[in-house]
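So you can see what is in the structure, the chains are spelled out below.
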Amino acid sequence: MKRLHADIHRRIGGFDLNVLIESDASRIGILGESGSGKSMTLKSIAGIEAVDSGHIEVDGRVLYDSSEKIDLKPQKRNVGYMFQNYALFPTMSVLKNVMAGLGKRNEENRSRAMDMLKRFRMDGYEDKLPGELSGGQQQRVALARIMVTDPALILLDEPYSALDSYLRDRMQVEMLEMLEDYTGQVVMVSHSRDELYRFSEELFIVSEGQIIRHGETKSVFRDPEHEIAARLTGCKNFSAARTVDEHTVEASDWGVTLKLEREIPSDITSIGYRAHCFEPVWGERQENCIRFDLLRTDDLPFEKNYYIRTVNDDSPVCWFVQGEEQRIIDERGLPDYLKIKEEQVLLLKQ
Amino acid sequence: MNGFIDLAKTLDWSPLWISLKTGVVATIISFFLGLWAARKVIRRDYRVKSILDGILTLPMVLPPTVAGFFLLLIFSRRRPFGIFLNDTFDIQVVHTWLGCIIAATVIAFPLMYRNARAAFEQIDANLVYAGRTLGMSEFSIFWRIVVPTAGPGIASGTILTFARAMGEYGATSMLAGNIPGKTGTVSQRIAMVIQDGDYLTAGFWVVIVLIIAFFAIFLINMITGKHMKNVRKW
């Protein structure tokens, strides 16, 4: 039974890291802004960043335990780490890079490395230097170099951030293919919700050194629970919330009182609403509608962004419209109201 | 010109061999010591770093005669450590070739250390981390990743060290003296023959030193230049 358990405590400068990552999913995601502590978490698991206290266990093997004074060297952890810049050794050929983790430079290891390069369609490049490869090829070599050592856990640190956007899309698909046969757990750290939505089964959201929400990826996106978590999963519209009764809540920044079928918890502090989810209404005002008072429009290649004036001048509501919906608006003209659909309302805590 | 050729035929070439031998041995010692010291120093926090760095660089900044003074203080056969070396190991430093090597090493070592340190500090720490997570030993990370990646900086440090060690004069003359065929280096020979007013012999040695010095710098540029092909001109 594969199971990652990482309970990590670290205080460095003014920053406190206190995270607990516990999961038996094969693909785990950690979502957070830069400086949130997500990379530090990954480095702590690999043993290249010191930990003050906690317990780290991979596949039933204890790598670190402060109370039992266990602290395995990174060399002994059998954890593969892919760095943001891939960290290929610049003076070694591709083949030597892949062989670097295999110890002896004998014929057997050479053919193991060659097999791995073949699997990643990098045969024919074995004598090239890393500097002569494209970003995508470098990533494949980096992954081959990790996979050939047969690690118990693979950590991917912002694996696509060094790639341009075309390659980024392609490598996301490729990464899933390359990891297909890998039976161990993989943890990916990223600030991009799209990358992690596509990649991970279980998602942890980290902010200021704390896990603020975790769970099955789709359910975290459906109900982020936490305002920062909602923001990180791509929610654009937020309003302060004031609960009126069990089914009524006032979204004060939008100047609207929402009536909901479901029961509203009394401890919510804000409401979130995704920019793609409004429903345009022409004519009569319906329940849960905000007036369509257009502030400005942004044209993007495949969508149009409308910004709507609200009670609070600092936070206009944004409405992102694509494809078919845009055709209807072009025909009927701009709507009079935007309807907030109950099932899309995010009830959030600070 | 004919004077030069006649001179070359009758010349005592021992200073050149002594200088070259001293240069080579001092460079080898400085190379390993410099890499080792650079690696130790960069891991310290900045306060310890500045103090250690100051001590290790001092011989380069001090007048060589001051370094020579300290070396005499340590190795003189009338001083505790010198007596200890002589009585226990039968090792004499003052007025011996060993003195030449020690003087040259002390003076030239900072060049190796500083160049190695600068080159190490440019290395992407992720390379070392990657080596560790791949299970490579610290020894093989250092010799197979760090040193080759820092190659150009280390190479230029080595050549500068060699050039400086070969040309050492001040500390060498104090510690090893100028005994022809034993500790008489090229630089000391030049000073000596000029005192005798023999400008022809001095000029001959100057030309040889110039050739070696130019060749050293040329070598540095060739080695580092190869890696600079992709650097943009500005």
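Calculation criteria
- Residues numbered from 1 in each chain as written.
- Chains lettered and ligands numbered in written order.
- Predicted model: local features only at pLDDT ≥ 70, side-chain atom pairs only at ≥ 80, totals over all residues.
- Helix = DSSP H or I, 4+ residues; strand = E, 2+ residues; numbered from the N terminus.
- Buried ≥ 20, exposed ≤ 12 C-beta atoms within 10 Å, placed from the backbone.
- Contact = placed C-beta atoms within 7 Å.
- Nonpolar A, V, L, I, M, F, W, Y, C, P; charged D, E, K, R; others polar.
- Expected span 1.5 Å × (residues − 1).
- Pairing = 2+ DSSP bridges.
- Axes fitted to C-alpha atoms, helices over the stretch in contact; angles between N-to-C directions.
- Domains from an automatic or database assignment.

Time to look at the overall build of chain B. Within chain B, the regular secondary structure consists of 12 helices and 0 strands. Helices (α) and strands (β) of chain B occur, in sequence order from the N terminus, as α-α-α-α-α-α-α-α-α-α-α-α. Projected onto its principal axes, the C-alpha positions of chain B cover 65 × 50 × 30 Å. Buried positions account for 38% of the 234 residues belonging to chain B. Considering only contacts in chain B between residues 6 or more positions apart, those separated by 24 or more positions represent 76%.

Our next topic: the overall build of chain A. The secondary structure content of chain A amounts to 10 helices and 22 strands. The C-alpha extent of chain A, read off along each of the three principal axes, is 80 × 50 × 35 Å. For chain A, the proportion of its 350 residues judged to be buried stands at 39%. Counted over contacts in chain A with a minimum sequence separation of 6, partners at least 24 positions apart contribute 64%.

Residues and elements named next belong to chain A. Although it is not a glycine, Ala87 sits at a positive phi angle of roughly 50°. Looking at where Ala87 falls in the secondary structure, it is placed in the loop between strand E7 (79–82) and helix H3 (94–99). Given 26 C-beta atoms within 10 Å, Ala87 falls into the buried group. Of note in the backbone geometry, Arg121 takes a positive phi value of approximately 55° without being a glycine.

Counting from both sides, the interface comprises 15 residues of chain B and, opposite them, 17 residues of chain A. Those elements giving two or more residues to the side of chain B that touches chain A turn out to be helix H7 (125–133) and helix H8 (138–149) of chain B. Tallying contributions element by element places H7(B) first for the side of chain B that touches chain A, with 7 residues. Classifying every residue of the side of chain B that touches chain A by side-chain character gives 7 nonpolar, 6 polar and 2 charged.

Residue and element names in this part refer to chain A. For helix H5 (residues 135–147), which comprises 13 residues, the first-to-last C-alpha distance of 18 Å matches the rise-based estimate of 18 Å (1.5 Å per residue) to within 8%. Counting buried positions over the 13 residues of H5 gives 10, a clear majority of the element. Of the positions making up H5, those classed as buried are Gln138, Gln139, Arg140, Val141, Ala142, Leu143, Ala144, Arg145, Ile146 and Met147. Looking at the buried residues of H5, the elements they touch are E7, H3, helix H4 (107–119), strand E8 (153–157) and helix H6 (165–178).

One turn of an α-helix holds 3.6 residues; hence residues three or four places apart share an orientation. Judged by how many residues are buried, helix H10 (residues 323–332) of chain A sits mostly at the surface: 0 of 10 residues are covered. Backbone geometry just after H10(A) places A:Gly333 at a positive phi near 90°.

In this section: the sheet that holds strand E16 (residues 279–281) of chain A. Residues and elements named next belong to chain A. The strand order E16-E21-E17 describes an open sheet built from 3 strands, whose pairing is antiparallel. What marks the edges here is a single partner per strand, and that holds for E16 and strand E17 (289–291). Across the sheet, the mean angle separating the axes of adjacent strands is 30° when strand polarity is ignored. Two elements, E17 and strand E21 (residues 337–339), share 3 bridges in a ladder whose sense is antiparallel. Following the sheet pairing, Ile290 is matched in E21 by Leu338.

A word on the domain arrangement of chain A. Under the domain assignment, chain A is made up of domain 1 (4–224) and domain 2 (235–348). Relative to domain 2 of chain A, the C-alpha centre of domain 1 of chain A lies at a distance of 39 Å.

Below, the discussion takes up the sheet that holds strand E19 (residues 303–308) of chain A. All names here are of chain A. Spatial strand order, E18-E19-E20: 3 strands in an open sheet with antiparallel pairing. Strand pairing shows two members of the sheet lacking a second neighbour, strand E18 (294–299) and strand E20 (317–322), which therefore form its edges. Neighbour to neighbour, the strand axes of the sheet diverge by 20° on average, direction disregarded. Taken together, the 5 bridges between E18 and E19 define a ladder with antiparallel strand orientation. Bridged to Thr297 within E19 is Tyr306. Docked against the sheet, H10 engages E19 and E20, running at close to 100° with respect to E20.

Okay, the environment of A:Trp282 next. Relative to the elements of secondary structure, A:Trp282 occurs in the loop between E16 and E17. You can call A:Trp282 partly exposed: it has 13 C-beta atoms within 10 Å.

Here we come to the pairing of strand E10 (residues 202–207) of chain A. Residues and elements named next belong to chain A. Most of E10 sits inside the fold, with 6 of its 6 residues counted as buried. Neither face of E10 is exposed, since Glu202, Phe204 and Val206 on one face and Leu203, Ile205 and Ser207 on the opposite face are all buried. As defined by bridge partners, strand E3 (residues 27–31) adjoins E10 across 4 bridges and the pair is classed as parallel. From the neighbouring strand, Ile28 faces E10, where its bridge partner is Glu202. In this structure, E10 lies alongside strand E11 (residues 210–216), joined through 6 bridges in antiparallel fashion. Its bridge partner lying in E11, Ser207 is registered against Gln210. Counting the residues that bridge the hairpin from E10 to E11 gives 2 residues, and of these Glu208 lies at a positive phi of roughly 45°.

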